[in-house]
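Each chain is listed here by its residues.
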Amino acid sequence: MEAHIINIMRFGICILTLAVSVRAMIRTASPKIRRLTAVLAAVLIFFNEKAGEAAYLVFGSLLEMTAAVVALGFVLVAGIMIMLLPAVGLIRWLTH
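Residues numbered from 1 in each chain as written. Predicted model: local features only at pLDDT ≥ 70, side-chain atom pairs only at ≥ 80, totals over all residues. Heavy atoms only, no water.

Asks: Lay out the overall build of the protein chain in plain terms, naming residues and giving numbers.
Replies: Check the secondary structure of the protein chain and you find 3 helices and 0 strands. From first element to last, N terminus to C terminus, the protein chain shows the α and β order α-α-α. In summary, the protein chain has a C-alpha radius of gyration of 26 Å against a globular reference of 12 Å for 96 residues, an excess of more than 25%. Out of the 96 residues in the protein chain, the part that is buried amounts to 14%. Looking at the protein chain alone, contacts between residues at least 24 apart form 72% of all its contacts between residues at least 6 apart. Of the roughly 8,000 Å² of accessible surface on the protein chain, 78% is carried by carbon and sulfur atoms. Of note, the protein chain has its 8 positive side-chain charges centred 22 Å away from the centre of its 4 negative side-chain charges. (Helix = DSSP H or I, 4+ residues; strand = E, 2+ residues; numbered from the N terminus. Rg over C-alpha atoms; globule rule 2.2 N^0.38 Å. Buried < 20%, exposed > 50% of the residue type's maximum accessible area, 1.4 Å probe, protein only. Contact = heavy atoms within 4.5 Å. Areas by Shrake-Rupley, 256 points an atom, 1.4 Å probe, with all protein chains shown as cover. Lys, Arg positive; Asp, Glu negative; His and termini not counted. Charge placed at Lys NZ, Arg CZ, Asp CG, Glu CD.)

Take a look at the structure:
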């Protein structure tokens with residue numbers, strides 16, 4: 001499954017690189033910038049395998065970190081609610 005996701009990331013990086021470089025080459029009037037953009041696109045496409053793995057690892061890490069933060073927030077809120085429940089019950093019992 002990881003290999004499929006890495007291949008999807010590699011394909012996305014390749015297409016995005018080509019789209020950005022073609023757009024930059026069309027919009028730029030300077031031939032030096034066009035050459036630089038072409039070279040950078042070629043380098044990124046050449047190292048596409050490593051870039052795909054790195055993008056997969058970054059994306060996976062961000063997803064895992066987001067899930068951990070959400071879970072931690074849920075546990076903290078649930079813990080606070082459970083700790084406040086006896087105090088709220090005592091206040092309700094004393095006021096009624």
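Further notes follow.
Asks: How would you explain the side chain of S21 if you had to name every residue and give the values?
Replies: Position of S21 among the secondary structure elements: in helix 1 (residues 2-27). When its relative accessible area of 5% is taken as the criterion, S21 is described as buried. Among all residues touching S21, those that are not within four sequence positions of it are T37 and A41.

Asks: Can you explain helix 1? Please cite residues and give values.
Replies: Over its 26 residues, helix 1 runs 37 Å from end to end, which matches the ideal 38 Å to within 8%, given 1.5 Å per residue. Among all positions in helix 1, only I6, M9, I13, C14, T17 and S21 are buried. On its buried side, helix 1 packs onto helix 2 (31-46) and helix 3 (48-95). (Expected span 1.5 Å × (residues − 1).)

Asks: Break down the pattern of salt bridges for me, citing the residues and quoting the values.
Replies: Under the criterion given, the structure shown has 1 salt bridge. A salt bridge links E53 to K50; the nearest nitrogen and oxygen atoms lie 4.0 Å apart. Taken together, the residues E53 and K50, both in helix 3 and 3 residues apart, mark about one turn of the helix. Classification of E53 by relative accessible area gives partly exposed; the value is 28%. (Salt bridge = Lys/Arg side-chain N within 4 Å of Asp/Glu carboxyl O.)

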